[in-house]
Amino acid sequence: MPKTGQADVRRGVLAATIIVPTNTGTGIEMLARALTSGTNPPEKTLTTAQSFPSIEELANRRSQKAQASGAH
C-alpha cells in the first residue's frame, strides 16, 4: 500500500517494507483462459513479492552508514 508502508519508508519511519503485487489481472487472465480453452486453471498460482527499497539499495545504505561511522 503506497500510502502506508512505502510512505513510512520514504519518511524514514521504516527501513524497508515488502510489496506484493495485486493478483486481479492474473486472476482475470486465468479465468479467461479457462473459459476459452475449457481447461481448469492450475490449483496454485504464486505472486512474487519485492523488497522496497530493493535489497541492493538496502545493502548500499548499510555500507554507506558503516563507512560514515568508521566501521568496516
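All figures in this text were calculated on a predicted structure; none of them were measured in a lab.

1. What to know about the overall build of the protein
Summing up its helical and strand segments, the protein has three helices and two strands in all. Secondary structure elements of the protein occur, N-terminal to C-terminal, as α-β-α-β-α. Computed over its C-alpha atoms, the radius of gyration of the protein comes to 19 Å, more than 25% above the 11 Å expected for a compact globule of 72 residues. When the backbone C-alpha atoms are referred to their principal axes, the protein occupies close to 65 × 25 × 15 Å. A burial count over the protein gives 12% of its 72 residues as buried. When contacts within the protein are restricted to residue pairs at least 6 apart in sequence, long-range pairs at least 24 apart make up 60% of them. Counting only carbon and sulfur atoms, one obtains 56% of the accessible surface of the protein, whose full area is about 6,200 Å². Between the mean site of the 8 positive side-chain charges and the mean site of the 5 negative ones, the protein shows a separation of 7 Å.

2. Quick notes on helix H2 (residues 24–37)
When the terminal C-alpha atoms of H2 are compared, their 20 Å separation across 14 residues agrees well with the 20 Å that a helix rising 1.5 Å per residue should span. Immediately downstream of H2, the backbone of glycine 38 shows phi near 80 degrees, a positive value.

3. Overview of the environment of leucine 31
Checked against the element boundaries, leucine 31 lands in helix H2. In this structure leucine 31 comes out as exposed when scored by relative accessible area, which is 51%. Along the sequence, leucine 31 and proline 41 sit ten residues apart, while their C-alpha atoms lie 7.5 Å from each other.

4. Let's talk about the side chain of glutamine 6
Along the chain, glutamine 6 turns up in helix H1 (residues 5–11). Exposure remark for glutamine 6: the relative accessible area of 12% places this residue in the buried category. Once you skip the residues sitting within four places of it in the chain, glutamine 6 turns out to touch Met1, Thr17, Ile19 and Phe52.

5. What to know about helix H3 (residues 55–69)
Spanning 15 residues, H3 covers 21 Å between terminal C-alpha atoms, matching the ideal 21 Å at 1.5 Å per step. Positive backbone phi, at 85 degrees, marks glycine 70, one or two positions downstream of H3.

Thresholds, definitions, all that
- Residues numbered from 1 in each chain as written.
- Predicted model: local features only at pLDDT ≥ 70, side-chain atom pairs only at ≥ 80, totals over all residues.
- Heavy atoms only, no water.
- Helix = DSSP H or I, 4+ residues; strand = E, 2+ residues; numbered from the N terminus.
- Rg over C-alpha atoms; globule rule 2.2 N^0.38 Å.
- Buried < 20%, exposed > 50% of the residue type's maximum accessible area, 1.4 Å probe, protein only.
- Contact = heavy atoms within 4.5 Å.
- Areas by Shrake-Rupley, 256 points an atom, 1.4 Å probe, with all protein chains shown as cover.
- Lys, Arg positive; Asp, Glu negative; His and termini not counted.
- Charge placed at Lys NZ, Arg CZ, Asp CG, Glu CD.
- Expected span 1.5 Å × (residues − 1).

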